[in-house]
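# Observations on the model geometry
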Amino acid sequence: GGVFMPQAEQAISDREILADMLLSQKQMTDLYNLAAGKCTLETLQSDMLDILREEHTIRAKLYSEMTKRGFVNPAPAGQAEIDAVRAGFSDAESDF
């Protein structure tokens, strides 16, 4: 016969699976970013940055798939939100 799957596992939707995958990718990018920032060897840092770039690409593909399926509906940012982010970057830049 076939493989037995408990009822709870059968109820997991594509949306839930993709959302979990996206969250996992966000966590992976955070970890690789942290690791790349702590590397003291240039070759190792370069490798970590390559992996980080790959992880970002995977995350972007997952997000795109979720958008295509209507699982996420990104709304454009309003001018106030744009101004707030811009101000945050300006404040951070002045700290250097």
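Residues numbered from 1 in each chain as written. Predicted model: local features only at pLDDT ≥ 70, side-chain atom pairs only at ≥ 80, totals over all residues. Heavy atoms only, no water.

A cluster of nonpolar residues, I12, I17 and M21, forms a patch on the protein surface that exposes about 250 Å² of accessible area. With respect to the helices, strands and loops of the structure, M21 is situated in helix α2 (residues 14–38). (Patch = residues over 30% accessible without salt bridge, like charges linked within 9 Å, V, L, I, M, F, W, Y side chains within 5 Å. Areas by Shrake-Rupley, 256 points an atom, 1.4 Å probe, with all protein chains shown as cover. Salt bridge = Lys/Arg side-chain N within 4 Å of Asp/Glu carboxyl O. Helix = DSSP H or I, 4+ residues; strand = E, 2+ residues; numbered from the N terminus.)

This brings us to the nonpolar core. Inside soluble globular proteins, nonpolar side chains tend to come together where they are buried. Grouped together as the largest cluster of nonpolar side chains are six residues: L18, L22, L62, M66, F71 and V72. Listing elements by their share of this core, those giving two or more residues are α2 and α3 (42–68). Ignoring sequence-local partners within four residues, the contact set of V72 consists of Y63, M66 and T67. (Core = buried A, V, L, I, M, F, W, Y, C linked by side-chain atoms within 4.5 Å. Buried < 20%, exposed > 50% of the residue type's maximum accessible area, 1.4 Å probe, protein only. Contact = heavy atoms within 4.5 Å.)

End to end, α2 covers 36 Å across 25 residues, agreeing with the expected 36 Å (1.5 Å per residue, within 8%). Residues of α2 that are buried include every one of L18, L22, Q25, T29 and A36, and no others. Those residues of α2 that are buried are in contact with α3. (Expected span 1.5 Å × (residues − 1).)

Distances and angles like these do not, on their own, reveal function.
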